[in-house]
Amino acid sequence: MPVEFLSDEQAEAYGKFADEPTRPEPERFFFLDDVDRDLIALRRTKHHQLGFALQMCRVRYVGLFLEDPLAVPWPVVEHLAARLGMVDQRPERCGQDLPHRVL
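Cut-offs applied
- Residues numbered from 1 in each chain as written.
- Predicted model: local features only at pLDDT ≥ 70, side-chain atom pairs only at ≥ 80, totals over all residues.
- Heavy atoms only, no water.
- Helix = DSSP H or I, 4+ residues; strand = E, 2+ residues; numbered from the N terminus.
- Buried < 20%, exposed > 50% of the residue type's maximum accessible area, 1.4 Å probe, protein only.
- Contact = heavy atoms within 4.5 Å.
- Areas by Shrake-Rupley, 256 points an atom, 1.4 Å probe, with all protein chains shown as cover.
- Axes fitted to C-alpha atoms, helices over the stretch in contact; angles between N-to-C directions.
- Parallel < 35°, antiparallel > 145°, perpendicular 65-115°, else oblique.
- Left-handed = near helix turned anticlockwise from the far one by under 90°.
- Nonpolar A, V, L, I, M, F, W, Y, C, P; charged D, E, K, R; others polar.
- pLDDT = per-residue confidence, 0-100.
- Phe/Tyr/Trp six-rings, centres within 6.5 Å; stacked < 30°, edge-to-face > 60°.
- Lys NZ or Arg CZ within 6 Å of the ring centre and 35° of its normal.

Trainee: When you look at the overall build of the protein chain in this model, what are you seeing that I'm missing?
Mentor: A tally of regular secondary structure across the protein chain gives 5 helices and 0 strands. The N-to-C order of helical and strand elements in the protein chain reads α-α-α-α-α. Every one of the 103 residues in the protein chain was classed for burial, and the buried ones make up 28%. A separation threshold of at least 6 residues defines the contact pool for the protein chain, and within that pool the share at least 24 residues apart is 64%. In the structure as shown, the protein chain presents an accessible area of about 7600 Å², 55% of it carried by carbon and sulfur atoms.

Trainee: Would you mind going over the packing of helix 3 (residues 34-41) against helix 4 (residues 46-62) with me for this structure?
Mentor: Between two packed helices, the angle of one axis relative to the other and the distance separating the axes together describe the packing. Between helix 3 and helix 4, the shortest axis-to-axis distance is 9 Å and the interhelical angle comes to 140°. The orientation of helix 3 with respect to helix 4, classified from their angle, is oblique. Here the hand of the crossing between helix 3 and helix 4 comes out right-handed. Two secondary-structure elements touch here, helix 3 through D36, L39, I40 and A41 and helix 4 through Q49, F52, A53, M56 and R60. Among the residues forming the contact of helix 3 with helix 4, the class breakdown is 6 nonpolar, 1 polar and 2 charged.

Trainee: Whenever I open this one, the confidence of the model for the protein chain confuses me. Can you help?
Mentor: Predicted coordinates in regions of low pLDDT should not be interpreted in detail. Taken over all residues, the pLDDT of the protein chain has a mean of 76, while the share at 70 or more is 74%. Within the protein chain, helix 3 carries the highest mean pLDDT (92), whereas helix 1 (residues 8-13) carries the lowest (71). A low-confidence stretch, residues 98-103 (pLDDT under 50), is modelled with 1 contact involving residues beyond four sequence positions or located in other chains.

Trainee: Is there a simple way to think about the packing of aromatic side chains in this case?
Mentor: Each aromatic ring pair is described using two quantities: the centre-to-centre distance and the angle formed by the ring planes. Under the criterion given, the structure shown has 0 aromatic pairs. When the ring centre of F52 is taken as origin, the NZ or CZ atom of R43, which lies over that ring, is 3.9 Å away. Seen from the ring of F31, R60 lies directly overhead, with NZ or CZ sitting 4.2 Å from the centre.

Printed below as a string of structure tokens:
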């Protein structure tokens, strides 16, 4: 995508979370309507559902998918987890409820 019209700073920030979203931004960009919730519910586990919701909402906010799927401010993760009725979705907890998984 041509970015010659952007300053160096703008080009570097393009497609990324430049800063943490302000307080009203999660309500505007990280909302989940009934259609979103139906799509999310098709995912197998809670972690997959949260990941799918994050991808979907990041596109609304940033305008494209991020190269690094973990490059999301933690308040955004907490906001979406709360909207999905999830608690304690910290990355270090992933896999701990699966005793058969070798880490």
